[in-house]
Amino acid sequence: MTGSSYLKPEVLARAEALGLKARRIVEGLRVGDHKSPYKGFSVEFVQHREYVPGDDIRHIDWKSYGRSDRYTIKQYEQETNFTAHLLVDASNSMRYGSGPSNKLEYAKLLAASLAYLILRQRDAVGLRVFNTEVVAELPPSSQLGHLNSLTRTLEEIQPQERTAIAPLLDRVADQVRRRGIVILISDCFEEVEPLLTGLRHLRFRGHEVILFHILHHDEVEFPLDGNIRFVALEGMEELLTQPHLIRPAYLRLVQQYLRDLRKGCEASGVDYVQMLTNRALGNALAEYLARRLQTS
Amino acid sequence: MQFAAPMMLAGAAAIAIPIVLHLFYRARYKPLPWGPMTFLRQAIEQTRRRLRLQELILLLLRCLAIVLLAVALARPGWSGLTAASRDGPVDAVFLVDVSYSMGAADGGVSRLDRAKEAARALLDHLPAGSSIQVVTFADRAWLVGPQQRFNLDQARLLLERLEPTALATDLLPGLTLAWEAAQSGLAPAKEVYVFTDLQRLGLERNVEALRAKAQEIRNHGQLVFVQCGHPQRQPTNVAIEGIQWQGVIPHTRTRMPFTVILHNRGTTPVRGIQAAVEIDGRAVEKDAIQIDRIEPGQSWPVTLSGSLEEPGIRIVRAQIRGDDLPGDNVFYIPLLVRDKIRVLLVDGTPNPDDPVRAGDHFVRTALNPGRSPDHFIETESVSATEVGPRHLDGKEAVYLLNVPLRTESNPLGGPSPEFWDELVKFVRNGGGLIIAAGDNVSPFTYQTQLGPEGRDLLPFPLTGKRKAEENAPYRLAAPSLPTDCFLADFRKPGYAEALERISLQQTLTVDENGPGRVLIRDTQGQPYLMQRHLGEGLVLLFASSLDESWCHFSADPGSFHVPMALLILKHLTERRRPAQMLTAGETILWTVPDTLNQTSLEMLLPPVSGEKNPERAPLALPTRRPGQSRLQVQWTETYRAGIYGIVPQGRSLEAAAEHGSLFVVNPDLRESTSLAVATPEEMTEWLGFAPAIVPAGAGETVPAIQQLRSRGEWTEYLLTALLVLLVIESAWAWVCGRAW
């Protein structure tokens, strides 16, 4: 697959129309479509607040001082560009599925599509591909030509190793000072609580976090039959079973996991988006963006 | 428990199939790379115990199903008969009742024919490779064949030839022989089929032994009773119980009345019975006599008379028609027809001038009242001093009437010693001797010369004489006559009075310690008439005279001495029976005359059904043992009613008459005493278990036997259980979510 092949016209057409708008205020390097969290000299006045030492004295509202004899600061909302950080899981578990339903391919397509949309909005986007480590990284850029680098990097991804999301999120939270949008694309097959801790860490840093949970239909519905030797994609473990015999127990566990993850995300202010690879990406993405617009 | 198809049990090895499949399917797991192993592992752990239990139950159900199928195909069963012999070869024995009750034609066809039909049908449905032995039984049993026990065609032929006998039924010997025949085969399964009318008499004779034998058969094989009698209809039956000829002594030139005693032995009245009598195969009367109705239990005498044309042994045969049981509708008696009976009267007090006063007057007139020369009893009177050995020629009885004996003082006063010697031989060879007392009879002389120390002719030792008072003569006592005595008629009213009218003035006295028997005593208990067997002959001794000297015969109009003389003569002549009368089943015993002991002999048997000439069977003479004076042959197979005769090879029955080897065999009337059929409850009580009883008939027996064969099987139940098990297994598999 070439880099441009991840930019499906039908996906992009629908997603572009909807745009990707940060629901929250993001920090941008330049004026854009997004509200800046930096209240100051921008167009729209928001509020006054009391001066505290350390505030730039340029922002003191002297008129207000004259009226009230107190130092107050004028605050404005600022339209600004945001920086999105795409974190793509390239562990072995993402290898599951064949053709368009392959999770990693689906994740690559999603990442490419999001990158394109972000760049088209003149926002910056960066990329980190990871498994237990970060195996590839592109710093954020708002240049449209950055898209080629992104797609090339995505194309070169080879899944390997296990997933280790939580440490990665901690690292990202520590490394990315400026608030932005962190977009995690992963199957998240690891313990929920460490994962949520990582996500909360990002949120604590002020980032908007979107979790695209890439799942294969088989992993959720478990429609398998016959005698199957399940070979772990991550590790050496093998399990022999007849899936239909354990389906109820499996589904119960998976649903519990998804429920826990979803609730944890909601509680942490993380956008949780479940993406099943058997569903057309365009539809899924458009649906999410539409919902995002409605709630912004 | 037995199995009809034990090889099928090997199918139980198929129990390995589900196990192998189980293992095989375990091995056939296709690999699938998988991400969320954690959930999978947890799901497996959560369900592992439940799945293992389900799997184990399922495996057990399937193994059980295989075992059930194998056992069902092996067709297990309880009873020995059914289980082993449903399809495999059997050693079958057909035990056919040939007692004459099987000849009863109840329902239009005889019971034996019904048995044959059922036997043929069963024969056609024996499992392949089976053997057959036919055994018949009545009061004994015969192994009929076939010689090659696998030759079913020969068995069919033998069955066709079976005829009812004249014998009664006894199941025990039949069962014994049938079981021996069954055991001689090599097949593991034994089946004994008893084709019988289940007549109660045949079962209850020896219940204990019968029960033991039946249970022995049941424990090792199959015992099936094929009921050959009509289920509803009781056969009508009138039997001939005997033929009595009327008159003193059968003789030529006269018509002899024969009374045939009929008896309705059935449970229903019988109408239109026709009775006929034949003498030597010729009907005595033109038409048979028809009896309108004989009630159950009623005896009905029918009298027919026939002329006796020729002297010799004549066979009188009575036959009736009109009931359902022909076996007892015939009866035979032999009749010795005399032309003349010659009697020698040795008179101790002859009176040629006035025969009425002679000592032989009363006896002579009693034996030939009309003094007719054509009378069949011919008397020859000779004085005691003139009688000699030649006078005994042709005589059958000799009267010694007040005969004196020679003594030293009177050396010519009586018969010569030669006469006495010949007289002893005469008696020992079967002649009759009647000694009457009188004044010439000296007890001492008689005792000395004719007693044990002399010629040993007297029944008892003589001890003397006694004389009655003038006005108190001795009287005879009719009750003193034994009931089994040939003079027992004198106990009857009329005769008894005549007997007791006789008054005796004198009598001899005897010591009753002797070889004789007292037939008549007087009122004081003293013997009047005594008898003694000597050789083949008989000696009678009157203690008083047979004339007017010691008793008053003239006071009696002849009602005593005439019948007395005739009865004595009848008794003496009857003792020489023309032929032995036997009941079917009894053994013929015959002493071979010296003239024939080097001759090949044959037994002439009554002709078989449809034949006229008698059947011939070689007769082996036994080896003479040391010290044995004469040979004796025996014949036990008297199972047909009719005339039997032992003759030199190639001779006819007339030769048997000449040699005294003629035998008349009549049906065993015990058989028709009651034709009642044993009920299943009685059979159960007698045999100790509920026997299998199936109806006879081609259309009924085979299905009943087939039903019987499958009755003891568990196959149906096992297959049903298998079906239920498979349903349970399927339901369980569905619950467990398993196709396999």
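What counts, and where the lines are drawn
Residues numbered from 1 in each chain as written. Chains lettered and ligands numbered in written order. Predicted model: local features only at pLDDT ≥ 70, side-chain atom pairs only at ≥ 80, totals over all residues. Heavy atoms only, no water. Helix = DSSP H or I, 4+ residues; strand = E, 2+ residues; numbered from the N terminus. Rg over C-alpha atoms; globule rule 2.2 N^0.38 Å. Buried < 20%, exposed > 50% of the residue type's maximum accessible area, 1.4 Å probe, protein only. Areas by Shrake-Rupley, 256 points an atom, 1.4 Å probe, with all protein chains shown as cover. Lys, Arg positive; Asp, Glu negative; His and termini not counted. Charge placed at Lys NZ, Arg CZ, Asp CG, Glu CD. Contact = heavy atoms within 4.5 Å. Buried area = accessible area lost by both parts, 1.4 Å probe. Salt bridge = Lys/Arg side-chain N within 4 Å of Asp/Glu carboxyl O. Polar contact = N/O pair within 3.5 Å; in protein donor to acceptor, adjacent residues only side chain to side chain. Nonpolar A, V, L, I, M, F, W, Y, C, P; charged D, E, K, R; others polar. Pairing = 2+ DSSP bridges. Domains from an automatic or database assignment. Phe/Tyr/Trp six-rings, centres within 6.5 Å; stacked < 30°, edge-to-face > 60°. Lys NZ or Arg CZ within 6 Å of the ring centre and 35° of its normal. Expected span 1.5 Å × (residues − 1). Arc of directions from axis to C-beta. pLDDT = per-residue confidence, 0-100.

## Comments concerning the overall build of chain B
A count of helical and extended segments in chain B gives 17 helices and 35 strands. Taken over C-alpha atoms, the radius of gyration comes to 41 Å for chain B, far larger than the 27 Å a tight globule of 740 residues would show. Its C-alpha atoms give chain B principal-axis dimensions of roughly 160 × 55 × 55 Å. Counting only residues that meet the buried cut, chain B has 52% of its 740 residues in that class. Summing over all exposed atoms, chain B offers an accessible surface of approximately 33,300 Å²; the carbon and sulfur share of this is 52%. Of the charged side chains in chain B, 73 are positive and 81 negative, and the gap between their average positions amounts to 10 Å.

## Considering the overall build of chain A
Of regular secondary structure, chain A possesses nine helices and 11 strands. Taking the intrachain contacts of chain A between residues at least 6 apart in sequence as the baseline, contacts between residues at least 24 apart amount to 75%. Accessible surface computed for chain A: about 13,400 Å², of which carbon and sulfur atoms make up 50%.

## Overview of the interface of chain A and chain B
Taken together, the contact between chain A and chain B spans 29 residues of the former and 24 residues of the latter. In total, chain A and chain B occlude about 2,600 Å² of area from one another, counting both sides; carbon and sulfur atoms represent 70% of this. Its largest share of buried area at the contact with chain B, chain A owes to Asn227, Leu245 and Leu253 of chain A, together 24% of the area lost on that side. Counting across the interface, chain A meets chain B through one salt bridge. Applying the counting criterion to the chain A and chain B interface returns eight residue pairs in polar contact (both at pLDDT 80 or more). Looking at the side of chain A that touches chain B, the elements with two or more residues in it are helix H7 (217-221), strand E9 (228-232), strand E10 (238-241) and helix H8 (243-268) of chain A. For the side of chain A that touches chain B, the element with the most residues is H8 of chain A, which contributes nine residues. Tallied by class, residues from the side of chain A that touches chain B come to 18 nonpolar, five polar and six charged. Direction of pairing for E9 of chain A relative to strand E2 (residues 30-34) of chain B: parallel, over a ladder of five bridges.

## Digging into the domain arrangement of chain B
The assigned domain composition of chain B is domain 1 (2-27 + 38-78 + 716-736), domain 2 (84-234 + 678-711), domain 3 (238-337), domain 4 (341-574) and domain 5 (580-666). Taken over C-alpha atoms, the centre of domain 1 of chain B sits 105 Å from the centre of domain 4 of chain B.

## Remarks on the pairing of strand E4 (residues 90-97) of chain B
Residue and element names in this part refer to chain B. The element E4 is extensively covered by neighbouring structure, given that eight of its eight residues are classed as buried. Burial along E4 is two-sided: the face carrying Val90, Ala92, Phe94 and Val96 and the face carrying Asp91, Val93, Leu95 and Asp97 are both buried. Alignment of E4 against strand E7 (residues 189-196), held across seven bridges, turns out to be parallel. By the bridge assignment, Ala92 is partnered in E7 with Glu191. Pairing analysis gives seven bridges linking E4 to strand E5 (residues 131-137), with the strands arranged parallel. If you follow Val93 over to E5, its bridge partner there is Gln133.

## Looking at the packing of aromatic side chains
The full count for this structure, using the stated rule, is 22 aromatic pairs over all chains. Look at Phe94 of chain B and Phe195 of chain B: their rings are 5.2 Å apart centre to centre, the planes differ by 70°, and that puts the pair in the edge-to-face class. Pair noted here: Phe94 of chain B is in strand E4 and Phe195 of chain B is in strand E7, with a separation of 101 residues, a long-range link. Accessibility expressed as a relative area gives 0% for Phe94 of chain B, which makes it buried. Accessibility expressed as a relative area gives 0% for Phe195 of chain B, which makes it buried. For the ring pair Phe419 of chain B and Trp420 of chain B, a centre distance of 5.8 Å and an interplane angle of 70° mean the geometry is edge-to-face. For the pair shown, Phe419 of chain B and Trp420 of chain B are each scored as buried. A network of ring pairs unites the aromatic residues Tyr96, Phe189, Phe222, Phe230, Tyr250 and Tyr257 of chain A together with Trp34 and Phe39 of chain B as a single cluster. One Lys or Arg, Arg466 of chain B, reaches over the ring of Tyr474 of chain B and ends 3.7 Å from the middle of that ring.

## Notes on helix H10 (residues 417-428) of chain B
Residue and element names in this part refer to chain B. Taking 1.5 Å per residue, 12 residues should reach 16 Å; H10 reaches 17 Å between its end C-alpha atoms and fits that length. Among the residues of H10, Phe419, Trp420, Leu423, Val424, Phe426 and Val427 are the ones counted as buried. The buried residues of H10 occupy an angular sector of 160° when the element is viewed end-on, so they sit on one face. Taken together, the buried residues of H10 touch strand E17 (341-347), strand E19 (397-401), strand E20 (432-436), helix H11 (443-450), strand E26 (527-534) and strand E27 (537-542).

## Section: the confidence of the model for chain B
When pLDDT is averaged across chain B, the result is 87; 94% of the residues are at 70 or more. Overall, residues 80-85 of chain B carries pLDDT values under 50, and its contacts beyond four positions in sequence, including any with other chains, amount to 25 contacts.

## Considerations on the environment of Phe212 of chain A
One can find Phe212 of chain A in strand E8 (residues 208-215). Taking C-alpha positions, Phe212 of chain A is 6.5 Å from Ser186 of chain A, a pair spaced 26 residues apart along the chain.

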